[in-house]
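Observations on chain architecture
What follows is the residue order along each chain.
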Amino acid sequence: MTADTLETKPIPALLREDRGLPLLGQLLEFAKDPVALFQREWDHYGPVAPMYTLGRTAALLLGPDSCGQALLNKDGALANEPAWSQLVGPFFQGGLMLIDFDEHKRHRRILQQAFTRPRLQAYTERLHPAIEKGVAHWDTSESFPSYWKLKQLTLDIAADLFMGGAEDTGPAEMDRVNKAFIACVQAAAGIVRGNIPFTRWGRAYHGRRVLEDFLRHYLPARRAEQTDDIFSVLCHIEDEDGARFSDDDVVNHMIFLMMAAHDTSTITTSTILQHLGQHPQWQERCRAEALALGPAPTTAELEGLQSIDLVMREALRLRAPVPVVVRYAVKDTVIQGVRIPAGTDVIVGIQFSHLMPEYWTDPFTFDPDRFAPDRREDKSHRFAWEPFGGGAHKCLGMHFGGLEVKAIMHRLLRDYHWSVDPTYVPPLDYHSLPFPKDGLPITFIRN
């Protein structure tokens, strides 16, 4: 076959024989069990599958080859803002995930100054007292709702690290802020896309107002004096050219960062609690590491918790906090031999890659040692394991998030033992980010 023949070979079109339910398409299938849906699509279509939802045909990318191609986005055909705006745009507008290309590069360059090594060390010092205070009054029981307790804990941590304690804010106000974040995140599953009362989007519009009012109340004080909380850091950081954030930029980035920090950390930590409760030998292995350190380990000591790190990586594999990311084709492109026309929504199925037997041994089995140096199954493909995304939009706070999760686990392992029924399978809600609808009840016992 000649080069000319290869160049003129037809590129498969993005076509679907069965569109599923009227208007909704495969949306309900995704909400019920996205992994099962992805497997059926992979078996039928391969790495690029047409997925019909809300009256539109999207390109569903499955497997590390197609996902990696989209994340690297070498031809600049895929954009974030038009895709995410359809789901949560009015509520996280201006956040790093919702800006593209040169603007994204400019904002990311400034934001990187908030996550330098010295600042991560300062944040770590604030983590330990915030965690100790947050778990001090946890009541143990046989049906301890671990997910919701962790969600409150990570929000309290965010209030301290991001807001400097929000000094005049009480529990009732922080509960209101937490509910506002939940409303904004759950807008992604809204069918009615408008500021209409009693709908997901209506609640999210109200939530966004609550968050803006909350942050703008503290903004003048953070502008006036620089401290080591992230809110203040965003008010004062600048890049090498002296570029700084406007007030609107600071508020937009704070809303997005606080959401990302406390939601994803909650999902990961609750997944770890579940699996350590079901695998006591791993719980004891991790506890031995935690007890070998003092009550407030340094950044380097947290990074050196090898068993806890293996467990965290496995938890991120089994339950990616963000199981899919979305893009929008701003021009024609070709992914794995399939033409994606301009104007097409693109769904990058990260979670499916984490569970493919082509790259993972017994992929649905909890096996942290698969990440150990002598195995490194995550190296089977560059994009076999990508819980933080990849390319220009790879999660900027991934190192901070890892430190937060390890610091929480360090404290819990020192203070508690817990157990989970080995047959327990959490009933996950996938309408937004995945969370256990039953709160992931565990038996928690203080040491």
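Cut-offs applied
Residues numbered from 1 in each chain as written. Predicted model: local features only at pLDDT ≥ 70, side-chain atom pairs only at ≥ 80, totals over all residues. Heavy atoms only, no water. UniProt positions renumbered as here; feature names shortened; annotations may be inferred. Helix = DSSP H or I, 4+ residues; strand = E, 2+ residues; numbered from the N terminus. Polar contact = N/O pair within 3.5 Å; in protein donor to acceptor, adjacent residues only side chain to side chain. Contact = heavy atoms within 4.5 Å. Axes fitted to C-alpha atoms, helices over the stretch in contact; angles between N-to-C directions. Left-handed = near helix turned anticlockwise from the far one by under 90°. Phe/Tyr/Trp six-rings, centres within 6.5 Å; stacked < 30°, edge-to-face > 60°. Buried < 20%, exposed > 50% of the residue type's maximum accessible area, 1.4 Å probe, protein only. Lys NZ or Arg CZ within 6 Å of the ring centre and 35° of its normal. Pairing = 2+ DSSP bridges. Core = buried A, V, L, I, M, F, W, Y, C linked by side-chain atoms within 4.5 Å. Salt bridge = Lys/Arg side-chain N within 4 Å of Asp/Glu carboxyl O. 1 Å grid on protein atoms, 1.4 Å probe; cavity = no way out; pocket = protein on both sides within 12 Å on 5 of 7 lines; lining within 4 Å. Points joined across faces, edges and corners; volume = space filled by probe spheres on them. Nonpolar A, V, L, I, M, F, W, Y, C, P; charged D, E, K, R; others polar.

Taking an unreviewed UniProt entry as the reference, the chain is identified by name as Putative cytochrome P450 136 belonging to Nocardia macrotermitis. For the record of the chain, the UniProt heading Cofactor (unreviewed entry) holds the text "heme".

Its location among the elements puts T154 in helix α8 (residues 146–163). Separated by 2.7 Å, the side chains of T154 and T266 make a polar contact. For T154, the contacting residues outside a window of four places in its chain are H262, S265, T266, E404 and I408.

Let us look at the packing of α8 against helix α12 (residues 247–278). Contact geometry for α8 and α12: axes closest at 9 Å, N-to-C directions at 145°. Between α8 and α12 lies a crossing whose hand is right-handed. Between α8 and α12, the contacting residues are S146, Y147, L150, K151, T154, L155, A158, F162 and M163 on the first element and M254, L257, M258, A261, H262, D263, S265, T266, I267, T269, S270 and L273 on the second.

So, about the packing of aromatic side chains. Scanning the model with the defined rule gives 20 aromatic pairs in all. On the basis of an interplanar angle of 50° and a centroid distance of 5.6 Å, the ring pair of W418 and F444 is categorised as tilted. Of this pair, W418 sits in strand β9 (residues 416–419) while F444 sits in strand β12 (residues 441–446), and the two are 26 residues apart along the sequence. Across this residue pair, the class does not change: W418 and F444 are buried. By way of ring pairs, the aromatic residues W138, F144, Y416, W418 and F444 are connected into one cluster. The aromatic ring of W360 is capped on one face by R317, whose charged end is 5.2 Å from the ring centroid.

Turning to the pairing of strand β5 (residues 325–329), a few remarks are in order. Most of β5 is tucked away: four of the five residues are buried. As judged from the two bridges shared by strand β3 (residues 78–79) and β5, these two strands associate in the antiparallel manner. Within β5, the position partnered with L78 by the bridge is A329.

As annotated in UniProt, the feature "binding site: heme" (unreviewed entry) corresponds to C395 in the numbering used here. Following the sequence through the fold, C395 ends up in the loop between α16 (350–353) and α17 (398–415). Assessed through its relative accessible area of 34%, C395 is described here as partly exposed. Among all residues touching C395, those that are not within four sequence positions of it are R108 and F388.

A few words on the nonpolar core. Counting residues in each nonpolar core, the largest one holds 135 residues, and the members touching the most others are F162, L234, M254, M409, L412 and W418. No other element matches the 13 residues that α12 contributes to this core. What F162 contacts, discounting residues up to four positions off in sequence, is I157, D229, I230, F231, M254, L257, M258, A261 and F400.

Moving on to the pattern of salt bridges. A full pass over the atoms with the stated rule returns 26 salt bridges. Notably, a salt bridge pairs R222 with D229, separated by 3.4 Å at the nearest N-O pair. For R222, a relative accessible area of 6% translates into the label buried. Look at D229 and you get buried, because its relative accessible area is 2%. When the shortest N-O distance is used, the salt bridge between E314 and R317 registers 2.7 Å. Of this pair, E314 and R317 both sit in helix α15 (residues 306–318), separated by three residues, roughly a single helical turn. Among the residues examined, R317 registers a relative accessible area of 0% and is labelled buried. A single salt-bridge network, built from bridges that share partners, covers E314, R317, D367, R370, R375 and E377.

For the rest of this paragraph, the subject is empty space enclosed by the protein. Tallied over the entire structure, the rule returns one cavity of 30 Å³ or more. Computed from the structure, the largest cavity encloses a volume of approximately 110 Å³. Forming the boundary of the largest cavity are Y147, W148, K151, I182, V185, Q186, D263, I267, S432, L433, P434 and F435. For the lining of the largest cavity, the elements supplying multiple residues, two or more each, are α8, α9 (171–186) and α12. For the lining of the largest cavity, the residue count by class is eight nonpolar, two polar and two charged.

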